[in-house]
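# What the coordinates show
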Amino acid sequence: MSKDDKFVYTILQSPFEGEIDTKIVPFYAIDRSSGEVLQTLNYPLDDIDSFKLDSKKKKRKQNDVKVSEMATLPNGDLAVLERVSKTTKFYKINPKNVQNNTLKKELIFSTDDYKGFPSKIESIAVINENEWILINDNDFGITGDKTKIIKVKF
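### Overview of the environment of E122
Counting through the fold element by element, E122 comes out in strand β8 (residues 121-128). The spacing of E122 and V25 is 97 residues in sequence and 17 Å in space, taken between C-alpha atoms. Excluding its chain neighbours within four sequence positions, the residues that come into contact with E122 are S68, E69, L81, R83, I135, N136 and D137.

### Things to note about unusual backbone geometry
One non-glycine residue with positive phi stands out, namely N100, at about 55°. Within the secondary structure, N100 is located in the loop between β6 (88-99) and β7 (102-110). The residue K120 is not glycine, and still its phi comes out positive at about 55°. Locating K120 in the fold gives a position in the loop between β7 and β8.

### Overview of the pattern of salt bridges
Taken as a whole and assessed by the stated rule, the structure comprises 12 salt bridges. Residue D46 pairs with K105 through a salt bridge whose shortest N-O separation is 2.7 Å. Of this pair, D46 sits in the loop between β3 (37-44) and α1 (52-55) while K105 sits in strand β7, placing them 59 residues apart in sequence. One network of salt bridges, in which partners are shared, links D46, E82, K89 and K105.

### Remarks on the sheet that holds strand β9 (residues 131-136)
Strands sit in the order β8-β9-β10 across an open sheet of 3 strands; the sheet is antiparallel. Of all strands in the sheet, those bounded by a partner on one side alone are β8 and β10 (149-153). Between one strand axis and the next, the sheet turns through 25° on average, direction left out of account. Judged from the 5 bridges that link them, β9 and β10 form a sheet pairing that is antiparallel. By the bridge assignment, I133 is partnered in β10 with K151.

### Digging into the nonpolar core
I11, F27, Y43, M70 and I93 are the most contacted members of the largest nonpolar core, which totals 19 residues. For this core, the elements supplying multiple residues, two or more each, are β1 (7-11), β2 (24-31), β3, β4 (66-72), β5 (78-83) and β6. For this core, the element with the highest residue contribution is β2, accounting for 3 residues. Those residues in contact with Y43, other than ones at most four positions away along the chain, are I11, K23, I24, V25, V67, V80, E82, Y91, I93, L103 and K105. The next biggest cluster of nonpolar side chains, apart from the first, holds 12 residues, and it includes A79, L81, W132 and I150.

### Things to note about the side chain of D46
On the basis of relative accessible area, D46 is assigned to the buried category, the value being 12%. Engagement of the side chain of D46 in a polar contact is seen with the side chain of K105, the distance being 2.7 Å. When sequence neighbours within four positions are dropped, the list of residues in contact with D46 reads F51, Q62, V65, E82, K89, Y91 and K105.

### Some thoughts on the packing of aromatic side chains
Inspection of every chain in the model, using the stated rule, returns 10 aromatic pairs. Ring centres of F109 and W132 lie 6.3 Å apart, and the angle between their planes is 45°; this geometry places the pair in the tilted category. With a gap of 23 residues between them, F109 in strand β7 and W132 in strand β9 connect regions that are remote in the sequence. On the basis of relative accessibility, which here comes to 5%, the residue F109 falls in the buried class. Positioned over the ring face of F51 is K89, at 4.3 Å from the centre of the ring.

Analysis parameters
Residues numbered from 1 in each chain as written. Predicted model: local features only at pLDDT ≥ 70, side-chain atom pairs only at ≥ 80, totals over all residues. Heavy atoms only, no water. Helix = DSSP H or I, 4+ residues; strand = E, 2+ residues; numbered from the N terminus. Contact = heavy atoms within 4.5 Å. Salt bridge = Lys/Arg side-chain N within 4 Å of Asp/Glu carboxyl O. Pairing = 2+ DSSP bridges. Axes fitted to C-alpha atoms, helices over the stretch in contact; angles between N-to-C directions. Core = buried A, V, L, I, M, F, W, Y, C linked by side-chain atoms within 4.5 Å. Buried < 20%, exposed > 50% of the residue type's maximum accessible area, 1.4 Å probe, protein only. Polar contact = N/O pair within 3.5 Å; in protein donor to acceptor, adjacent residues only side chain to side chain. Phe/Tyr/Trp six-rings, centres within 6.5 Å; stacked < 30°, edge-to-face > 60°. Lys NZ or Arg CZ within 6 Å of the ring centre and 35° of its normal.

Shown next as structure tokens:
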């Protein structure tokens, strides 16, 4: 939701079928009262090679990069969670900060830069401007790390 509650924002997890190797994911701004899509923007995914921990042992494909979550920050910007498996990056975007129909994004932090983060972080809960809660996906206990709830302070 936008800070003024007028817009609902949504973003796809991956590029459209047939565009698997692209680095562009659709982002939509929807009028909350009418349900009309007012804006379709491009969210640029990072290159697969920039996900250091995921690229360390084996060659990964560009379509391994996913958007798993988006949350509204207290100032009205949006936090976007972009990940592969071991590396998770958190970006700040604003639907008004666009160039050539593409959202500009600013890196908040990457789990590559810190020790102790579990793999497959897929959820953000924004407590306030300085605190978030992150949760990973344990794939029903079949693979991956056990479910962890992490409080991040900035």
